[in-house]
Amino acid sequence: MRELPQKEANLFKQILKCYENKQYKKGFKGAEQILKKFPEHGETLALKGLFCNHLDKKEEAYEFVKKGLRHDLKSHICWHVFGLLYRSDKNYEEALKCYSQALKIDKENIQIMRDFSLLQIHTRNYEGLVDTRHQLLELRPQNRQYWIGLAIAYQMMGKPDSGVKVLTAYEETLKDIPTKPDYEHSEMLLYHNSLLEEMGDIQAAYDHLDAIEKHVCDLKAIREKRAQFLLALGRQQEAEAAYRTLISHNPDNFAYIDGLQKSLGLGNKSLTAEEEAIVVGMFQELQKEYPRSNAAKRLPLRYASGDSFASIADEYLRSMLRKGVPSLFVNLKTLYSDKTKEAVIEKLALGYLAALDKSKGFDHSGSIVEPPTALLWTLYFLAQHYDYKRESDTALGYINRAIEHTPTLVELHMTKGRILKHAGDFNSAMESLNEARELDLQDRFINSKCTKYMLRADKVAEAEKTVILFARADIADPLHDLVDMQAQWYLLEAGESHLRQGQIGKALKRFHQVEKHFAEFTEDQLDFHMYCLRKMTLRAYISLLKLEDQLRSHQSFVRAAQGAVKCYVSIFDQPDGVEPPEMEGMTEAEKKKFRSKQRKAELKAQKEAEEKKAQADQELTKKGGKVDEDPEGVKYTKAEDPLGEALKFLRPLQELAPERIETHLMGFEIYIRKNKFLLALKSLLKAIKIDAENATLHEQLVRFALAVKKAGSALSPAAKTVIDKHWNDLYKGQDLAAVGNSFLKKSEEQGSVPHLISAAIASSLIEPKNDKAEAILFLMADDKYKSTRSLESALVAQKTLRSMRSGRVSEFRAKAAEWFPKATVFQSV
Amino acid sequence: MTPPAIMSNNSTEDKPKNAAFRVGLGDITPNNLGQLKRLNTVLFPVVYTASFYKNVLDVGEFAKIIYFNDVCVGAVCCRTEVVEKSSAQNLYIATLGVLAPYRRLGLGSKMLKHIVDHAELSTTPSIAKIYLHVQEDNEEALEFYKKHGFEVTEKCENYYPQFDVKDAFKLEKIIS
């Protein structure tokens, strides 16, 4: 029974309108009115459910929609409504099924088709999308949106040529092309051009630019593309002219200058002496023409060498130090990959310091008296320079002199903090940052930096107090504001600090919050599928789609994933929680006693904390805040399948960041624990392909071989064959001990501490109950390891000794304290 | 933040040329009070109280920070004092100082001039006189204030009981 009497039928039309106009309450009432007389009218029931959904009555929503569907299975409205309900719950798979059911019933329903296509592009179902877009276009060929929608569908499925055909066909139907540049038309033409470029037909794309120019608003885009195409077509002279014009519009654009250089045939990475002279000459001309261009001054430092570099660097440094540019060192440090350039810069800066001290000028000519700030910035520069070289004492000497000279400058205290951090004294580093913060309380940057340093020193409570100074004050839980604001830097630093402190639940909570942000970013694009087509911002839309597809390769996600995998692996390895350092070396009985004592203390603390929390929650609720039911993140630590949870973080990386070796090293750690030997092997092989010399790889390979041996007959013969084959390819029948020895020999030859550590771990596994591993770690005391003996690697070495239950931990600690005198971790307690 | 810059370039033929620099005065606010405290700690042996710093925020133009090439290098802090049976007030310069590397560049004079100018302009209340104390042996400071029209009016014995040189001179400049 679908047909309603006239009165109700009109009312039904009205409530449909209500839904479109978002008048959910009114629509809800209307639906109830119809249902009073016709309680089994399926479409009205379904709509009532939809209104419930928007009025925050989720359960009733599903109940009514399903009931409606039961009463009227043949109604496209019921299926459409069901689809909308699923979509609002982000269950796109089910929503797509509902839409497709609705379209079977009503084949030409534009509205449903549009919703369908929206979800198809959102879920990247391009095959289906092309179909739907074709149908839409056939139904509405007079509407531009549908032409372009089809072209985009073709492009995204990798057929830009079909996209071009669609656009060309559409352009041919146009009778009156706007005479004045019209933004939407212009964007369509530029999008058309981008498709030609994507096809790789540069000549066609170039010719197309000429044809569309008079209809295009974004003339800068035309000029940039033309220059780029000319270069690609090998028309050097014209390209040169095009880039010179662009430079005249913006002489600080690196890409333009790069283009000019390439058009002059000087784009090679390594230049001959002659070419170098020409490039330097080119920059001199540019400087003369555009004296205010920073790019023209900075870029030649990249290409010049020898005396020419020294003289350009001299001029550049003097002008920046005189002016007082705090970012000078950051700007120049990329040049340090060339050790001779680093040495030249060091010599220049030391020369300035000596001259400024003696005669207040950058040289001893006595012709110019520099302002006192020149000395200040020179000291600042030298401090950063030596910090970069990890000569902490020298760096501290310079920064302390600078602070004595001008104690009010925020940057100086920040740099002092950074030097101390690199030297391993996290507490003093934090104090320096706090001094900097107190000099300028309204600077959010320094406030955030200070927070970060507090977290590095594992002072979470202080960090929270500091960071909320810049959070919204008017909400009940300011710390949660950082989650809402997607302040990932904070969440990552906090998570990593909790992880260091063995607070796995809290750490996971933070890492999951970051993961959730990425899910939100993905969701956010839903709004743009329709909007961008309507507003014709096509080029930006395509770049958004491409960005979304790569989203999780972003550094923040990688960090969150790495942290989360470590947490879940540790839950798997130590389901009772992380062992605190006090428990090291205890016998089982002692451990038991220690644990029970600890549990009692925990229970007491927990009770107190609960009381405190109850009070705080009450206040929070009063202020309208949402109570955090699980501040400790217990639900994460109780995960039934921690390794499965870890895999959820790993998979996006396997797909989007396969070029990072960490992805596969992490993969190994998970698979080996799941006894998935072939997948573990696959991770190892991928890692080998990226960097066969990676230090951790050796340790993992040895662990793999031992695990395979231990599995014995539990391993299927087929798997065993595959593994044996690869193992033979790698090691040509050597036994494990020999593999270990040859790796150790190579590590010693290279003088590399990370490799030494890997060799030691492997050795302790191959030959347990042997002090060989210990001895390997102590090799790093030799001076030939000095350059790779970083603070981090010394820490790992010490941790490794501990986990081997070595009796020489304190001996090692004493040595490390000599290498890193400021590092608090190595100081004896 | 920094008011209009001034450029200084006192080139003469036989003297070395001074590179150009910028100087400007800025307000003291709760947010940069930390800089003032740091300056005072370095410049003066006296430890100033919380009420001193609170007052600094209330005197408007009579407390200023000075910037040299955008770096904070000096400050002046005054307080107003009620004069009995008069609507006018006295202005007391509690601190005026510039970091050592930035002296002899005219920064102190610029700050003092700013204070005197504003004292002369002030009407509600009007300022009767500006005065201050200088340690007896601080000849540089005495000369500096005399150059700007201040006169020694009194010798205050044991004014700084905590220091080696305990006596101070009181200097005054009559405004209205």
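Residues numbered from 1 in each chain as written. Chains lettered and ligands numbered in written order. Predicted model: local features only at pLDDT ≥ 70, side-chain atom pairs only at ≥ 80, totals over all residues. Heavy atoms only, no water.

Trainee: Would you mind going over the overall build of chain B with me for this structure?
Mentor: Scanning chain B from N- to C-terminus turns up 4 helices and 9 strands. Element order for chain B, N to C, with α for helix and β for strand: β-β-β-α-α-β-β-β-α-β-α-β-β. A compact globule built from 176 residues should have a C-alpha radius of gyration of about 16 Å, and chain B, at 17 Å, falls within 12% of that. Here the C-alpha coordinates of chain B stretch approximately 55 × 35 × 30 Å along the principal axes. For chain B, buried positions account for 47% of its 176 residues. (Helix = DSSP H or I, 4+ residues; strand = E, 2+ residues; numbered from the N terminus. Rg over C-alpha atoms; globule rule 2.2 N^0.38 Å. Buried < 20%, exposed > 50% of the residue type's maximum accessible area, 1.4 Å probe, protein only.)

Trainee: Can you walk me through the overall build of chain A in this structure?
Mentor: Broken down by element type, chain A carries 45 helices and 1 strand. A principal-axis box enclosing the C-alpha atoms of chain A has dimensions of 95 × 80 × 65 Å. Here chain A holds 829 residues, and the buried ones make up 47% of them. Of the accessible surface of chain A, which amounts to about 42,500 Å², a share of 52% is contributed by carbon and sulfur atoms. In chain A, 125 side chains carry a positive charge and 120 a negative one; their mean positions are 3 Å apart. (Areas by Shrake-Rupley, 256 points an atom, 1.4 Å probe, with all protein chains shown as cover. Lys, Arg positive; Asp, Glu negative; His and termini not counted. Charge placed at Lys NZ, Arg CZ, Asp CG, Glu CD.)

Trainee: Would you explain helix H29 (residues 488-500) of chain A in this entry?
Mentor: Given 3.6 residues to a turn, an α-helix orients residues that are three or four positions apart in the same direction. Residue and element names in this part refer to chain A. End to end, H29 covers 18 Å across 13 residues, agreeing with the expected 18 Å (1.5 Å per residue, within 8%). Counting buried residues in H29 gives 10 out of 13 residues, a clear majority hidden from the surface. Taken together, the buried positions of H29 are Gln488, Tyr490, Leu491, Leu492, Glu493, Ala494, Gly495, Ser497, His498 and Leu499. Elements in contact with the buried residues of H29: helix H26 (444-456), helix H27 (460-467), helix H28 (478-484), helix H30 (504-524) and helix H33 (555-573). After H29 finishes, the residue Gly502 shows a positive phi value of roughly 75 degrees. (Expected span 1.5 Å × (residues − 1). Contact = heavy atoms within 4.5 Å.)

Trainee: Which parts of the structure should I look at to understand the layout of surface pockets?
Mentor: Where empty space is left can be seen by rolling a probe of water-molecule size over the atoms. Residues and elements named next belong to chain B. Looking at the second largest pocket, its volume works out to about 1,300 Å³. If you trace the second largest pocket, you find 38 residues lining it, with Leu96, Gly97, Asn138, Ala141 and Tyr145 closest to the centre. Of all the secondary structure elements, the ones that give two or more residues to the lining of the second largest pocket are strand S6 (89-98), helix H3 (107-121), strand S7 (127-135) and helix H4 (139-147). When residues in the lining of the second largest pocket are grouped by element, the largest group, 7 residues, is from S6. Grouping the amino acids of the lining of the second largest pocket by side-chain chemistry returns 23 nonpolar, 9 polar and 6 charged. (1 Å grid on protein atoms, 1.4 Å probe; cavity = no way out; pocket = protein on both sides within 12 Å on 5 of 7 lines; lining within 4 Å. Points joined across faces, edges and corners; volume = space filled by probe spheres on them. Nonpolar A, V, L, I, M, F, W, Y, C, P; charged D, E, K, R; others polar.)

Trainee: Even after reading the chapter, I still don't get the packing of helix H41 (residues 736-750) of chain A against helix H42 (residues 753-766) of chain A, so can you show me in this structure?
Mentor: Residue and element names in this part refer to chain A. Close contact between H41 and H42 brings their axes to 9 Å; oriented N to C, the two are set at 160 degrees. Regarding the angle of H41 to H42, the classification is roughly antiparallel. Here the hand of the crossing between H41 and H42 comes out left-handed. Taken together, the residues of H42 that come into contact with H41 (itself represented by Leu736, Ala737, Gly740, Phe743, Leu744, Ser747, Glu748 and Gln750) are His755, Leu756, Ser758, Ala759 and Ile766. Residues belonging to the contact of H41 with H42 are distributed by class as follows: 7 nonpolar, 5 polar and 1 charged. (Axes fitted to C-alpha atoms, helices over the stretch in contact; angles between N-to-C directions. Parallel < 35°, antiparallel > 145°, perpendicular 65-115°, else oblique. Left-handed = near helix turned anticlockwise from the far one by under 90°.)

Trainee: What exactly am I supposed to notice about the side chain of A:Arg437 here?
Mentor: Mapped onto the elements, A:Arg437 comes out in helix H25 (residues 426-439). Apart from the residues lying within four places of it in its own chain, the contact partners of A:Arg437 are A:Ile446, A:Asn447, A:Cys450, A:Thr466 and A:Leu469.

Trainee: Would you take a moment to explain unusual backbone geometry for this structure?
Mentor: A negative phi holds for most residues other than glycine; trans holds for most peptide bonds. For A:Arg805, which is not a glycine, the phi torsion comes out positive at approximately 55 degrees. Overall, A:Arg805 belongs to the exposed group, its relative accessible area being 55%. The phi angle at B:Lys85 is positive, at roughly 55 degrees, despite the residue not being glycine. Secondary-structure assignment places B:Lys85 in the loop between strand S5 (71-82) and S6. Accessibility expressed as a relative area gives 86% for B:Lys85, which makes it exposed.

Trainee: Explain the UniProt feature "repeat: TPR" (unreviewed entry) in chain A here, please?
Mentor: Annotation from UniProt places "repeat: TPR" (unreviewed entry) at residues 76-109 of chain A. Across residues 76-109 of chain A, helical content stands at 79% and strand content at 0%; the span's end C-alpha atoms are separated by 9 Å. (UniProt positions renumbered as here; feature names shortened; annotations may be inferred.)

Trainee: Is there a simple way to think about the UniProt feature "domain: N-acetyltransferase" (unreviewed entry) in chain B in this case?
Mentor: In the numbering adopted here, UniProt assigns the feature "domain: N-acetyltransferase" (unreviewed entry) to residues 23-172 of chain B. Taken end to end, residues 23-172 of chain B comprises 28% helix and 35% strand; its first and last C-alpha atoms sit 27 Å apart.

Trainee: Looking at this structure, I do not really get the interface of chain B and chain A. What am I missing?
Mentor: Often, the extent of an interface is quoted as the loss of accessible area on bringing the components together. Taken residue by residue, the interface counts 22 residues in chain B and 25 residues in chain A. Of the roughly 1,900 Å² buried where chain B meets chain A, counting both sides, 59% is carbon and sulfur surface. The interface formed by chain B and chain A holds 1 salt bridge in total. Across the pair A:Glu435 and B:Arg38 runs a salt bridge whose closest N-O atoms are separated by 3.8 Å. The tally of links between chain B and chain A comes to 7 residue pairs in polar contact (both at pLDDT 80 or more). Those elements giving two or more residues to the side of chain B that touches chain A turn out to be strand S2 (17-18), helix H1 (33-43) and S5 of chain B. Counting residues per element, the side of chain B that touches chain A draws most heavily on H1(B), which supplies 5 residues. (Buried area = accessible area lost by both parts, 1.4 Å probe. Salt bridge = Lys/Arg side-chain N within 4 Å of Asp/Glu carboxyl O. Polar contact = N/O pair within 3.5 Å; in protein donor to acceptor, adjacent residues only side chain to side chain.)

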